[in-house]
Amino acid sequence: MTAEEMKADGAPLEGADITPKRDEGVLKVIKREGSGTESPMIGDKVTVHYTGWLLDGTKFDSSLDRKDKFSFDLGKGEVIKAWDIAVATMKVGEICRITCKPEYAYGSAGSPPKIPPNATLIFEIELFEYKGEDLTDDEDGGIIRRIRKKGEGYSKPNEGALVEIQFEGRQGDRVFDRRELQFEIGEGDNYDLPHGLEKAIQKMEKSEESVFYLKPNYGFGSAGKEKFQIPPGAELQYEVKLKSFEKAKESWEMNTDEKLEQSCIVKERGTQYFKEGKYKQAALQYKKIVSWLEHESGLSDEEDTKAKSLRLAAHLNLAMCHLKLKEYSQALENCNKALELDSNNEKGLFRRGEAHLAVNDFELARGDFQKVIQLYPSNKAAKVQLVTCQQKIREQHEKEKKMYANMFQRLADKDLKSAAALQTSHTEDAEMKDGQNGVGDKLEVDAEA
């Protein structure tokens, strides 16, 4: 594009002012309309093609020339201000031209060697696609966020924070829940909130307004939610405003007395959740005790005894929660940690035996139950489980015996077949040899005749 062509188009001089301050720092002209009604939001991953010129018509960069589309996270400061502003106004398929003043581009520093200081720039941008931010640890697309309004500051709610939210829940086009609510992160189930929404709220800033899209395993899962007429396996959408929050104290912010006091409180809370069958919520409470006390040092004898008792209870209770949730590897891990604190602990040995039994490690399970009975002869449950283990081991041995017997029989049959085939081959060879001798004799007689 030449300078004359740009002047003819009026791009440097014309266009709608799209800056929040209305200071004409970014002017936009739509060259081709896009499709749909929605535009990208803050945090979305956007994909574009672009070309950039100086006012004199000098082209300084183009993704089209490289034949390589450009992607970035919108509103995160990864590109110049003009781009964050302009692309947020576009629709998929749209091509626009923007004119940006230096303060919305590279400012007084420029971007040597191609962009001089205090340069006004012109870009032509085509938007191909955008997608929301994946908030899951495994990046499995289970929680997608799209930010309608950026929040304040950088602080976010942590586990145990007291949050105040305003939200609306949708399944398809139907609104099933609309409330203002104050609750503690980790207790959302008490307020009919899916765990995926709690996880999402922990990524928000104060006053942020966002839309969250939850896959079933981050929503109400395979059970659905009868109260809201949510069927099993339903995808959900929540619009949330985080009005305010008060962070829970982190471990490093508490002294020893506070940690011990809070540990006793959350232990009781966890036990209440467990009694109600809320094993995930119970586990969250017990995990707090471990995080607060596991690496605590410089304790008095009395404090050390109390901390050890609380940690032991937390690991034992976590093991029980994980058994209930059928998370056997985590149950084993917590049993082992409990037994590091008390090697002959009755519950630790018994629950470890149960975890081994659940994953068919019958020999290991038998060892744990035998030790329980040896140390605690009146433990009837261990005796019952020991009988179960012995029965399972016998069944396993019988199964293995049959398997090996069948295997040996197959091998024997194979050997017999091989021998029979070899014998047949030898017989055929002998018959062929005899036949050849007879033909030779006949030829000799014929020749003599």
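Above this text is the structure in question.
What you see is a predicted model; the values in this text were computed from it and never measured.

Calculation criteria
Residues numbered from 1 in each chain as written. Predicted model: local features only at pLDDT ≥ 70, side-chain atom pairs only at ≥ 80, totals over all residues. Heavy atoms only, no water. Helix = DSSP H or I, 4+ residues; strand = E, 2+ residues; numbered from the N terminus. Buried < 20%, exposed > 50% of the residue type's maximum accessible area, 1.4 Å probe, protein only. Lys, Arg positive; Asp, Glu negative; His and termini not counted. Salt bridge = Lys/Arg side-chain N within 4 Å of Asp/Glu carboxyl O. Polar contact = N/O pair within 3.5 Å; in protein donor to acceptor, adjacent residues only side chain to side chain. Contact = heavy atoms within 4.5 Å. Pairing = 2+ DSSP bridges. Expected span 1.5 Å × (residues − 1).

**Comments concerning the side chain of Arg351**
Now for step 1: If you trace the backbone, Arg351 turns up in helix α9 (residues 346-358).
Now for step 2: Here Arg351 is buried and forms no salt bridge, its nearest opposite-charge partner Glu354 lying at an N-O distance of 5.5 Å.
Now for step 3: Of note is the side chain of Arg351, whose polar atom sits 2.9 Å from the backbone oxygen of Leu316.
Now for step 4: In this structure Arg351 touches Leu316, Asn317, Met320, Leu323 and Cys335, once residues within four positions along its chain are discounted.

**Side note on the pairing of strand β9 (residues 143-149)**
Now for step 1: Among the seven residues that make up β9, five are buried, leaving the element largely enclosed by the rest of the structure.
Now for step 2: Looking at chain direction, strand β8 (residues 133-134) and β9 are connected through two bridges and run antiparallel. Within β9, the position partnered with Asp134 by the bridge is Ile144.
Now for step 3: The sheet contact formed by β9 and strand β12 (residues 209-214) spans six bridges and is antiparallel. Counted as the bridge partner of Ile144 is Tyr213 from β12.

**Quick notes on helix α7 (residues 301-324)**
Now for step 1: Look at α7: 35 Å from first C-alpha to last across 24 residues, which is about the 34 Å you get at 1.5 Å a residue.
Now for step 2: Looking only at α7, the buried set comprises Ala307, Leu310, Leu312, Ala313, Ala314, His315, Leu316, Leu318, Ala319, Cys321, His322 and Leu323.
Now for step 3: Buried residues in α7 make contact with α5 (256-275), α6 (279-293), α8 (328-341) and α9.
Now for step 4: At the C-terminal side of α7, Lys326 shows a positive phi close to 60 degrees.

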